[in-house]
Structures are given as structure tokens and as C-alpha cells.
Amino acid sequence: MLSLKSLYQIGHGPSSSHTMGPARAMKIIKEEHPEITHFHVTLFNSLALTGKGHLTEDAMLESVFPSTIEFSTKIDTSKFANTIVVLGYKGDELIVTEEVKSTGGGRMVFVGRESEEVHVYPHKSFNEIKTYCRNNNLSLYDYVLQFEGPEIVQFLKEIWNAMKASVERGISTDGILPGPLKVQRKAKTLHEKAMIKEPTEITENRLVSAYAFAVSEENAAGGIIVTAPTCGACGVLPAVLYYMKKKHRFITEDRIIKALAVAGLFGNLIKHNASISGAVAGCQAEVGSACSMAASAHATLFNLNINQVEYAAEIAMEHHLGLTCDPINGYVQIPCIERNAVAALRAIDACGLAYFLSDSRKISFDTVIETMYQTGLSMHTDYKETSIGGLAKNYKGTDENCW
Ligand code: SF4
């Protein structure tokens, strides 16, 4: 598995696979061939169908400015769900042709090139990690430190600072999100309402939701967020960490860093053994993964044991199995923003259940992510970030039953 540095990335929303990744690929090609004056880019499949709403073209253009790009789109099921084919020209001369796959979370794979990625972890499954930790008397955080090195702590501090900043910007900003849906930002109102009363269960629900809305709305507006593990699912983990940090004095910055490390480990396992891409495996792979990460982080904040941490992450994913990806008009807004809030609340509940029930559990984390992946591969493409099925199909601009 790769370093957590490739999982958590700070960048502009609204999509890691449709915005950040393709923009990064274009930047690499342009840096390798600075003589290129213009590009022709073909966006395939999910990128062809939802690229407009995800602002793919804008991000790619910005990354190679002042070079220009002519875009075309194509559906070709023999190609990976998110593929771009790039032709780079100097005047009329074709300089370079590249095919690049956007595999989720901003990761780009150049077809035909030797991978330069460095795998820092020797273990492939949670079971292997758990066995190693038990045999060497390590916590999951110790495990991350051992293979990443002490410099990961500073990296995670920067990630936490970026997450906090996105929450705080989100809860102090209102207005309408970009795009034809005219979605009203709600984080600020939710937060203000939650602050009126003394803490109750309703207040907890509002605050956690406000923090998740805050980050997801920032993402939808193209603001700076952290992929956790993706842009579309970026609100879940910060919402849980930010809420718990505010609520409990014993939760120090050091505990938050430990929780981020453990959450990253679970996100990495899903990324490498299954998928974190909505275009590959539906929203279970994005928001389901984020919920797993947040549940494991929450369990780490409260010093639960390794079985309980695993169980929390497993429950969080198990109850997202089958979740489809159907963003209306291709915008990462409906159902994405609200879904981040629901998943943040679910992560807290998953941890609570794991605390009491881990002795009787039957399903391991490895089994649930294998199941998620199989479910995703057999899911109809209409429900995998194409905006052809689900809410994207049935919402016609208004819903007369909403009154
Ligand atoms: S529905 Fe889920 S997977 Fe699809 S774009 Fe929204 S957050 Fe991402």
C-alpha cells in the first residue's frame, strides 16, 4: 500500500477523480512537454457523462494555461470508467499521446508507463496488519509510524489544519452553490441553530451535520478541502473529528493525529483492495469508505482496542453496501452533501455499537471490503457516477411533491 500522503490530499473540489486527478495528469504532461501549444482531450465514460457538472474541463484548462484544450467525449465500455486520452500538439505536429486512468481519490495511472509509486506498507489486508501488530505489541498508530516514519506526523498536522479550515469556512459562509440546481448552502444555518440551545442529542445531530455540510459545501463550491478519501466524501471524517474535539477536553491534537493515521490506514486498505471511486463501485466506495474511516477514527479517539476499531469500520461499511452514485446533473451536491452528514452520524453510531458488540461479531473488515467491491463491480453502470439513473434520472428540475 502507498503512503497516507497519497490518500489525503489538499486541493480544490468538487471531485478528486473528475477534477483534481485529470488536472494533475495534464500538468504532468505539460511539464514533460513544455513546447505543447494545444491539446485534444477525449473524456471517456463517467468523465464524459458527468465531467460538466464536476467542472472537469475548467480544472484541466487551468492546469495547462496558457495552452488550450479542445474537448470531446465518448462512451466506450472497453475502457476504464474514468479514462482520458490526451493528444499534445506543437502547432500542427503531434508531440505526445497519453492514455490516463483516474482511479479515485486523485490517483492517475498512465497506461503503458512503469509506475513510480512507492509502496511503504508490506501488508495487504487488515488481517495481516492485525497479526503483525499483535505479534509486535503495536497499536495501529504505532504501525503507521513504523512504516511511514516520524515525518508522517507533520504531514497529518497539515491535513488536520486544512480540514479544520474547511469546516470553519463552511460554517461561516452562506449563499447559493454554483450550477443549475441553485442549492442553498445550509451549514451556517444548521450551526447557528445548534448553538442556541444547551447540548442535547438534537444538538449533536445538528452540529455534526453542520460540520459535514460545511466541508461538503466548500467542496461543491470548488473550495479547498482534503480528500478523505475523495472530494465527494470529504465532509464525513472532518465532521466527526471536529465535533469530538470541540466536545471533549481530553481529545488533544495528538489524539486527532493518531485518529487520522488509523482512518488513513482503513482508507488505504479500501483503496488498494477494492475501490474508492464512485465511477467504479458506486457511492458505497466513496461515502461508505469515508464512513468506515470516520468510525475507525472515532474508535481511536476513545482508545478502543484493535478489534473494536476494526468492527466500527466494518459496521460503517456494511451498512453502506449497495449505495449507488447518482449525482443530479453531475453536480457533487444532491445527494452528496446531505449524504456526508448522514454518514458522519452513522460513523458515530457504528463506533457505539462496536464498543458493546465486538465480542460477538461475525464479519471482518477484509470480508466487507471484498463484498463492497464485488457489489460495485456487478452494479449497473447507470448507478456509477454517470448521472443516468437514480435521483439524477427522476429529478426533473422540481419535485411537485415537495411542499
Ligand atoms: S453520490 Fe456519492 S460517489 Fe457519487 S458523486 Fe456524490 S458523493 Fe461521490
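Please refer to the structure higher up on the page.
1. Observations regarding the nonpolar core
Okay, so step 1: Tyr 8, Leu 140, Met 163, Leu 237, Leu 241, Leu 260 and Phe 365 are the most contacted members of the largest nonpolar core, which totals 102 residues.
Okay, so step 2: Top contributing element to this core by residue count: helix H11 (residues 253-273), with 11 residues.
Okay, so step 3: If sequence neighbours within four positions are ignored, Leu 140 has contacts with Phe 126, Ile 129, Cys 133, Val 262, Leu 265, Phe 266, Ile 306 and Val 309.
Okay, so step 4: The next biggest cluster of nonpolar side chains, apart from the first, holds 18 residues, and it includes Leu 43, Val 64, Ile 69 and Val 100.

2. A word on the packing of H11 against helix H13 (residues 287-301)
Okay, so step 1: Here H11 crosses H13 at 145 degrees, and the two axes come no closer than 8 Å. Crossing of H11 against H13: the hand is right-handed. Residues Arg 255, Ile 256, Lys 258, Ala 259, Val 262, Ala 263, Gly 264, Phe 266, Gly 267 and Ile 270 of H11 touch H13, and the partners they reach there are Ser 289, Ser 292, Met 293, Ser 296, Ala 297, Thr 300 and Leu 301.
Okay, so step 2: By residue class, the composition of the contact of H11 with H13 is 9 nonpolar, 6 polar and 2 charged.

3. Structural notes on the sheet that holds strand S3 (residues 68-74)
Okay, so step 1: Taken in spatial order, the 5 strands of this open sheet run S3-S2-S4-S5-S6, and their pairing is mixed. A single partner strand is all that each edge strand has here, and the edge strands are S3 and strand S6 (107-110). Recorded for the sheet is a direction-independent mean angle of 25 degrees between the axes of neighbouring strands.
Okay, so step 2: Here strand S5 (residues 93-104) pairs with S6 via 4 bridges, running antiparallel.

4. Examining the side chain of His 191
Okay, so step 1: Its location among the elements puts His 191 in helix H8 (residues 187-196).
Okay, so step 2: Beyond its immediate chain neighbours, meaning those up to four positions away, His 191 contacts Ile 171, Leu 207, Ala 210 and Tyr 211.

5. Examining the side chain of His 54
Okay, so step 1: Summarising the element assignment, His 54 is placed in the loop between helix H3 (46-50) and helix H4 (56-64).
Okay, so step 2: The exposure class of His 54 is buried, given its relative accessible area of 1%.
Okay, so step 3: Polar side-chain contacts of His 54 include one of 2.7 Å to the backbone oxygen of Gly 330.
Okay, so step 4: In contact with His 54, other than residues within four places in its own chain, are Pro 14, Ser 15, His 18, Thr 19, Pro 327, Gly 330, Val 332 and Glu 385.

6. Some points on the site of the ligand
Okay, so step 1: Residues in contact with the ligand, as listed here, are Gly 232, Cys 283, Glu 286, Cys 325, Asp 326, Pro 327, Cys 336 and Arg 339.
Okay, so step 2: Residues that form the shell around the ligand fall into these classes: 4 nonpolar, 1 polar and 3 charged.

7. Observations concerning the packing of aromatic side chains
Okay, so step 1: A complete count under the given rule lists 11 aromatic pairs for this structure.
Okay, so step 2: Note on Tyr 211 and Tyr 242: the rings are 4.7 Å apart at their centroids and 70 degrees apart in plane angle, and the pair reads as edge-to-face. Of the two residues, Tyr 211 sits in helix H9 (residues 201-220) while Tyr 242 sits in helix H10 (residues 236-247), which places them 31 residues apart along the sequence. Of the two residues examined, Tyr 211 and Tyr 242, each falls in the buried class.
Okay, so step 3: Connected via pairs of aromatic rings, a cluster forms that spans Tyr 121, Tyr 132, Tyr 143 and Phe 147.
Okay, so step 4: Positioned over the ring face of Phe 44 is Lys 79, at 5.4 Å from the centre of the ring.
Okay, so step 5: Residue placement shows Arg 113 over the ring face of Phe 110; its charged tip is 4.2 Å from the ring centre.

8. Quick word on a nonpolar patch on the surface
Okay, so step 1: On the surface, Leu 353, Tyr 355, Phe 356 and Leu 357 cluster together into a nonpolar patch covering about 440 Å² of accessible area.
Okay, so step 2: Here Leu 353 lies in helix H15 (residues 336-357).

Cut-offs and rules
Residues numbered from 1 in each chain as written. Predicted model: local features only at pLDDT ≥ 70, side-chain atom pairs only at ≥ 80, totals over all residues. Heavy atoms only, no water. Core = buried A, V, L, I, M, F, W, Y, C linked by side-chain atoms within 4.5 Å. Buried < 20%, exposed > 50% of the residue type's maximum accessible area, 1.4 Å probe, protein only. Helix = DSSP H or I, 4+ residues; strand = E, 2+ residues; numbered from the N terminus. Contact = heavy atoms within 4.5 Å. Axes fitted to C-alpha atoms, helices over the stretch in contact; angles between N-to-C directions. Left-handed = near helix turned anticlockwise from the far one by under 90°. Nonpolar A, V, L, I, M, F, W, Y, C, P; charged D, E, K, R; others polar. Pairing = 2+ DSSP bridges. Polar contact = N/O pair within 3.5 Å; in protein donor to acceptor, adjacent residues only side chain to side chain. Near = heavy atom within 4 Å. Phe/Tyr/Trp six-rings, centres within 6.5 Å; stacked < 30°, edge-to-face > 60°. Lys NZ or Arg CZ within 6 Å of the ring centre and 35° of its normal. Patch = residues over 30% accessible without salt bridge, like charges linked within 9 Å, V, L, I, M, F, W, Y side chains within 5 Å. Areas by Shrake-Rupley, 256 points an atom, 1.4 Å probe, with all protein chains shown as cover. Salt bridge = Lys/Arg side-chain N within 4 Å of Asp/Glu carboxyl O.

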